[in-house]
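One-letter residues, chain by chain:
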Amino acid sequence: MKALILVGGFGTRLRPLTLSVPKPLVDFANKPMILHQIEALKAIGVTEVVLAINYQPEVMLNFLKEFEKKLGIKITCSQETEPLGTAGPIALARDKLIDGSGEPFFVLNSDVISEYPLKEMVNFHKGHGGEASIMVTKVDEPSKYGVVVMEETTGKVEKFVEKPQIFVGNKINAGIYLLNPSVLNRIELRPTSIEKEVFPKIAAENKLYAMVLPGFWMDIGQPKDYITGLRMYLKSLRKKSSTKLSTGSHFVGNVLVDESAVIGYGCLIGPDVAIGPGCIIESGVRLSRCTIMRGVRIKKYTCVSNSIIGWHSTVGKWARLENMTILGEDVHLGDEVYSNGGVVLPHKEIKSSILKPEIVM
Amino acid sequence: MEKVVAVIMVGGPTKGTRFRPLSFNTPKPLFPLAGQPMVHHPISACKRIPNLAQIFLIGFYEEREFTLYVSSISNELKIPVRYLKEDKPHGSAGGLYYFRNIIMEDNPSHIFLLNCDVCCSFPLTDMLEAHKRYSGMGTVLVIKVSAESASQFGELVADPITKELLHYTEKPETFVSDLINCGVYVFTPDIFTAIQEVSTHREDQANLRHLTSFETLQSPTRALPQDFVRLDQDILSPFAGKKQLYTYETMDFWEQIKTPGMSLKCSGLYLAQFRYTSPDLLAGGDGTKSASIVGDVYVHPSAKVHPTAKIGANVSISANVRVGAGVRLIGCIILDDVEVQENAVVINSIVGWKSSIGKWSRVQADGDYNAKLGITILGEAVIVEDEVVVINSIVLPNKTLNVSVQDEIIL
């Protein structure tokens, strides 16, 4: 089976992190975001993953070489020379997705994190015999998104309503599709929207079905949702009784620590914390609801909450970081600095406090 | 025949993030002011020095960033211009010393040292003549500024008759003098001996005294590497008052180009200077066959400006720009490949490469060159949709603005 991951864009909402690497390579729970999806695809027998990209192809290609070997799955790129929207890239990758077997292929949105019940989706797709299946997820505020109106029992999709003003349903497009090769005949090689042009046509022919995604779903394309997403991801790890989560008196709630990270004595870590490879957390540090990326050093007695600390940064002693503080790559905070929502671009040194949310360029 | 060489310090990528977001796309020395890369202005000034043999650019950017520019400017000016890459920062004097063998190749009698991010009239010929009269080791270009602003710079005290440099101090807390260091110097080859003395002295000091760890933390130099020598603190200061260093005062304009806001101001200063030195570079037009031009304006020959547009004052339009009908541009730098659509207004802003300004949209700022958001900056490939207003904001590359913004940094 094959799969296409829509990588697209510049990831501007995840800046300053995406000023250093393309978005799919930004780490989430100690792994590049896109690796979560590739591993889920490999697990159900996908043999080839195509990445639809349009930005920094050299960086992506280097990444691919490394992971192709490690994972034992073929990874190729399909590069847009002009933005093709949400459906165009599928047409662009046509030759890579069709192998004559007639098997359906997956299309995934790279910003999404979920439990990826892909096996169940394959069974669902075979069961209804339609042309395309999409995953939908229930949300509290549907009018922020595109709502999928469907028949509850069969899952047959009636229509899509973009940002509805009145309540028409609470299920939105989760960005995970399973498509028969015939769908490719419906997509022209030009900027096309899958939700506005392609899916409505398939739905009108009663050939589009939606499955409600069990478990969590999050679009982690921006820092606030990234932090919420980590909480959901770690919670789901806990449910599966994962041994990956840390245990001990210094940990509270769900915490993921890479085995090469070092944690000093007297720390209190958690809940909802991920600590990446090579990190050094010195003694007396308090971390909660935050992500500490590869190679970061957090010095003694510091307190970090609701923040993301970028690769190879250092945070001084007695510092306090909170309220969506985001440090880009190679940022160094001095001792005793307080940051309330400071967003700091890469390669900076910060010696004075940031008292209210501010971007430091 | 006495030969002269010039050295222009261009810096490197990690030094200073103040030029963001424009520095994401281009090294600061190559950012265009008045239609020419920043470094072009000191280079052109050096070309006017009689008997100039070579020009060296010293920095720690990757060589490939400068290859194209250096080759084309050498051709254009018919004089060798070379980029020398430091393996690591050596300081303003250390860099000069590091490459002394190459610099002294032609056995020059005098060496000019200029900082690339200085905007001034570069009166180098007059400065050289004055230096020869003083017969010292070096002459520093100085300018009088207001007493309040002087403390941001290196302050000098000079003898009013002999013009000798008597005292130098960097960014003092109390008032020392309203005469400041412009970052332009001329030296005789003795300067290399002076720099070496400093390095040796520093090594001897380190060997002689065993500093306690407390002392090393307190010491302002914090054990600089032996080969890191700064021109101001390490050379000007100790050699002041010893009849070795002199000053030459300029009465023209002088600014430092540290931020994008200042680059807009300096672009304007150079455009004003073109009126005297190269008036053919400035655009002219009255709205009949070509656009109306007000004040000093530069338009690249490949740019297309609709005749109903009104441009100026202080506008610089780069290559392949398309300015549509009814557009008004005041106080701005429009970089390569930008499209400004019909009836848009751009005031006190810098519009980044390949950006698109929509119809009836308005991109403007107060015009305070020193304020953080005093000039609106759009990074590379920013799209401002029709009728959107952008005021006093900075927008990072590749963003599309479909709602109006004010006083914001958009990542």
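Residues numbered from 1 in each chain as written. Chains lettered and ligands numbered in written order. Predicted model: local features only at pLDDT ≥ 70, side-chain atom pairs only at ≥ 80, totals over all residues. Heavy atoms only, no water.

Peer 1: Hey, could you run me through the nonpolar core in this one?
Peer 2: Generally speaking, a soluble globular protein has its nonpolar side chains buried in company with each other. The biggest cluster of nonpolar side chains holds 140 residues, and the ones touching the most others in it are Leu-51 and Phe-106 of chain A together with Ile-43, Ile-55, Leu-57 and Phe-112 of chain B. Ignoring sequence-local partners within four residues, the contact set of Phe-112 of chain B consists of Val-4, Val-5, Ala-6, Val-7, Ile-49, Leu-124, Met-127, Leu-128, Tyr-185 and Val-186 of chain B. Listed in part, the 36 residues of the second largest apolar core include Tyr-97, Ala-158, Tyr-185 and Ala-240 of chain B. (Core = buried A, V, L, I, M, F, W, Y, C linked by side-chain atoms within 4.5 Å. Buried < 20%, exposed > 50% of the residue type's maximum accessible area, 1.4 Å probe, protein only. Contact = heavy atoms within 4.5 Å.)

Peer 1: Before we go on, may I ask you to explain the domain arrangement of chain A in this structure?
Peer 2: How big an interface is tends to be stated in terms of accessible area lost as the parts join. Residue and element names in this part refer to chain A. The domain architecture assigned to chain A consists of domain 1 (2-219) and domain 2 (223-359). In this structure, domain 1 and domain 2 have C-alpha centres spaced 30 Å apart. The partner domain 2 presents 27 residues to the 18 residues of domain 1 that form the contact. Each partner contributes to the roughly 1900 Å² buried at the junction of domain 1 and domain 2, and carbon and sulfur atoms together form 71% of this total. A per-residue breakdown of the area domain 1 buries against domain 2 is headed by Pro-16, Leu-17 and Asn-30, which together make up 29% of the total. (Domains from an automatic or database assignment. Buried area = accessible area lost by both parts, 1.4 Å probe.)

Peer 1: Sorry, what's going on with the UniProt feature "domain: Nucleotidyl transferase" (unreviewed entry) in chain A here?
Peer 2: As recorded in UniProt, the sites labelled "domain: Nucleotidyl transferase" (unreviewed entry) are residues 2-234 of chain A. Counting secondary structure, residues 2-234 of chain A comes out at 30% helix and 28% strand; the distance between its end C-alpha atoms is 28 Å. (UniProt positions renumbered as here; feature names shortened; annotations may be inferred. Helix = DSSP H or I, 4+ residues; strand = E, 2+ residues; numbered from the N terminus.)

Peer 1: Looking at this structure, I do not really get the packing of aromatic side chains. What am I missing?
Peer 2: Throughout the structure, instances matching the rule amount to 16 aromatic pairs over all chains. Relative to Tyr-226 of chain A, the ring of Phe-28 of chain A has its centre 5.3 Å away and its plane inclined at 85°; by these criteria the two rings are edge-to-face. Of this pair, Phe-28 of chain A sits in strand 2 (residues 27-28) while Tyr-226 of chain A sits in helix 7 (residues 223-239), and the two are 198 residues apart along the sequence. Taking the relative accessible area as the measure of exposure, Phe-28 of chain A reaches 0% and is therefore buried. Judged by its relative accessible area of 0%, Tyr-226 of chain A falls in the buried class. When the ring of Phe-153 of chain B is compared with that of Trp-254 of chain B, the centres are 5.3 Å apart and the planes differ by 75°; the resulting orientation is edge-to-face. With Phe-153 of chain B in the loop between helix 6 (147-150) and strand 9 (154-158) and Trp-254 of chain B in strand 13 (residues 254-256), this pair connects stretches of sequence that are 101 residues apart. Note on accessibility: Phe-153 of chain B and Trp-254 of chain B belong to one class, buried. Connected via pairs of aromatic rings, a cluster forms that spans Phe-28, Phe-216, Tyr-226 and Tyr-233 of chain A. Taking NZ or CZ as reference, Lys-70 of chain A lies 5.0 Å from the ring centre of Phe-67 of chain A, over its face. (Phe/Tyr/Trp six-rings, centres within 6.5 Å; stacked < 30°, edge-to-face > 60°. Lys NZ or Arg CZ within 6 Å of the ring centre and 35° of its normal.)

Peer 1: I would appreciate a short explanation of the interface of chain B and chain A in the present structure.
Peer 2: The interface of chain B with chain A comprises 12 residues on the first partner and 13 residues on the second. Interface area for chain B against chain A, summed over the two sides, is near 1200 Å², with a carbon-plus-sulfur share of 60%. On the chain B side of the interface with chain A, the three residues burying the most area are Arg-20, Asn-398 and Leu-411 of chain B, jointly 50% of the side's total. Between the two partners, chain B and chain A, sit 1 salt bridge. (Salt bridge = Lys/Arg side-chain N within 4 Å of Asp/Glu carboxyl O.)

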